[in-house]
Amino acid sequence: MESRRPRRTREKLLLGPGPSPVEGRVLRALAEPTLGHLDGDFVALMDETQELLRKTFQTSNALTVTMPGTGSAGMEAACVNVIERGDTVIIGDQGVFGQRMQDVAERCGATVIKVSAPFGKTLPEETLFEAIDSHPEAKLVGLVQAETSTGVLQNLDAIAAKVHEAGMLLLVDAVTSLGGMEVPVDRLGLDIVYSGSQKCLGCPPGLAPLTLSSRAVEVVRSRKTKVQSWYLDLTMIMRYWEQERFYHHTAPVNMLYAFNEALRIVDEEGLESRWARHRRNAEALWAGLEAMGLTLPVAKEDRLPSLTCLALPEGIDDGRLRRELMERHAIEVGSGLGEFRGRVIRVGLMGSGSTANNVLLFLSALAATLR
Ligand code: PLP
């Protein structure tokens, strides 16, 4: 039988909300020979990956792992392990992903107290603090640090202090922040933090890094009921990542090779230099867009370095603009989500995609398209 020809895709510049461009080193790691998931060489790679991940999360948390699946698997894993039916939780939303977290927590059987920000704005701390004061029974406060649907960054310092003072856990979505800006896990004592492999970490989609403080682990260990999801049950998964190497599910071996290589790249660059690069290129993009007379709907101090929302000028159709950027310049950007649908495009400068060259390429392609 004739062997199937490889499916080749034209190389495209990924400047959308993720996945971000993946370096050749990471792709080559993905193609290395598959090993058994209990093989000694693979187990050594897991240990190294776990150490690199702790460095990236800036934590000494023992429970620091990667879950199989995309960022949403991280969100589900965080919620199903910590929340039990009948719990009260407070979840803030500044857009689509905070709303998704509220939905996941409701599916876990929690009573969800929702605190919302107007689209394009940060969560008002006073409103969140009022919810904490009026629901002392709440087990946790959940929120998104880097809201990819709006490009808004939520500062966590005061919130973390308030949540811990109230004796609650703080659950944080760091899908669009980890590797591109500080995620202060140990500095602020964030209790449950998850991310995705495919954004500022520069790996293909398929893994969700996750870390839990010892306080959060204690909550998981002292549950009265079994974790609702067998597949995402950390009480079993942690036994595979520990010395015991207890079989739970077959680890996505080659994805872990790729993830290990991506984390090595993060480590070689250094976290602070990487954050500074993301910031510098985002500022160059903002300056270029504003010099073209375009509007950025999020206030400068609230903007993410990894993702920028750009308001569409009067009379410009979102679908047509994105199609032309792709067809004429092979550049991918994202459409607006939620209340921003049809009103903005989303430009991501994440991982190896955050370069001065890509900023210039995007600005000139956009100028040619809008002309
Ligand atoms: N949380 C945030 C902030 C995200 O940006 C995304 C994806 O864009 C997710 C969660 C869900 O991740 P995934 O699409 O990888 O499942």
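Residues numbered from 1 in each chain as written. Predicted model: local features only at pLDDT ≥ 70, side-chain atom pairs only at ≥ 80, totals over all residues.

In the annotation of an unreviewed UniProt entry, the entry for the protein chain reads Alanine--glyoxylate aminotransferase family protein, and the organism field reads Aminithiophilus ramosus. In its Cofactor (unreviewed entry) section, UniProt records this for the protein chain: "pyridoxal 5'-phosphate". For the protein chain, the Sequence similarities (unreviewed entry) comment in UniProt is given as "Belongs to the class-V pyridoxal-phosphate-dependent aminotransferase family." (UniProt positions renumbered as here; feature names shortened; annotations may be inferred.)

Q: Looking at this structure, how should I read the overall build of the protein chain?
A: A tally of helices and strands in the protein chain yields 13 helices and 14 strands. Across the 371 residues of the protein chain, 47% fall into the buried class. (Helix = DSSP H or I, 4+ residues; strand = E, 2+ residues; numbered from the N terminus. Buried ≥ 20, exposed ≤ 12 C-beta atoms within 10 Å, placed from the backbone.)

Q: When you look at the sheet that holds strand 14 (residues 344–348) in this model, what are you seeing that I'm missing?
A: Picture the strands of a sheet paired through backbone hydrogen bonds; they go either parallel or antiparallel. Pairing within the open sheet is antiparallel, and its 3 strands lie in the order 11-14-13. This sheet does not close on itself; its edge strands, each paired only once, are strand 11 (307–311) and strand 13 (334–335). Note that strand 11 and strand 14 share 5 bridges and pair antiparallel. If you follow Leu307 over to strand 14, its bridge partner there is Gly348. (Pairing = 2+ DSSP bridges.)

Q: Would you explain the site of the ligand in this entry?
A: Residues in contact with the ligand amount to 14 residues; listed here are only the nearest, Thr70, Gly71, Ser72, Thr148 and Val175. Ranked by residues supplied to the shell around the ligand, first place goes to helix 3 (residues 71–82) with 3 residues. For the shell around the ligand, a count of residues per class yields 6 nonpolar, 7 polar and 1 charged. (Near = placed C-beta within 6 Å. Nonpolar A, V, L, I, M, F, W, Y, C, P; charged D, E, K, R; others polar.)

Q: It is not clear to me how the confidence of the model for the protein chain should be interpreted in this structure. Could you clarify?
A: Segments scoring low in pLDDT should not have their predicted coordinates read at a detailed level. When the pLDDT values of the protein chain are averaged, the result is 96; 98% of them are 70 or greater. Confidence metrics for the complex model read pTM 0.97 and ipTM 0.99. (pLDDT = per-residue confidence, 0-100.)

Q: Would you mind showing me how to read unusual backbone geometry here?
A: Among all residues except glycine, the phi angle is most often negative; among peptide bonds, the trans geometry is most common. Cis peptide bonds are those with omega within 30 degrees of zero, and the linkage from Gly18 to Pro19 qualifies with 5°. Relative to the helices and strands, Pro19 resides in the loop between strand 1 (13–14) and helix 1 (24–30). One non-glycine residue, Gln58, lies in the positive phi region at around 50°. Tracing the backbone through its elements, the reader meets Gln58 in the loop between helix 2 (40–57) and strand 2 (63–68). Owing to 16 C-beta atoms within 10 Å, Gln58 belongs among the partly exposed residues under this scheme. Phi at Ala330 takes a positive value of approximately 55°, unusual for a residue other than glycine.

Q: Would you take a moment to explain the nonpolar core for this structure?
A: Inside soluble globular proteins, nonpolar side chains tend to come together where they are buried. Ala77, Val82 and Ala105 are the most contacted members of the largest nonpolar core, which totals 104 residues. Setting aside residues up to four positions removed in sequence, Ala105 forms contacts with Cys79, Ile83, Val89, Ile91, Ala110, Val112 and Gly142. (Core = buried A, V, L, I, M, F, W, Y, C linked by C-beta atoms within 7 Å. Contact = placed C-beta atoms within 7 Å.)

Q: Whenever I open this one, the UniProt feature "domain: Aminotransferase class V" (unreviewed entry) in the protein chain confuses me. Can you help?
A: Following the UniProt record, the feature "domain: Aminotransferase class V" (unreviewed entry) maps to residues 34–336 here. Secondary structure content for residues 34–336 is 43% helix and 17% strand, while the C-alpha to C-alpha distance between its ends is 39 Å.

Q: Which parts of the structure should I look at to understand the environment of Ala258?
A: Examined against the element boundaries, Ala258 turns out to sit in helix 10 (residues 253–269). With 25 C-beta atoms counted inside 10 Å, the residue Ala258 sits in the buried group. It is 9.7 Å that separates the C-alpha atoms of Ala258 and Val22, two residues lying 236 residues apart in sequence. Those residues in contact with Ala258 that sit more than four places away from it in its chain are Val26, Ala29, Leu30, Cys203 and Pro204.

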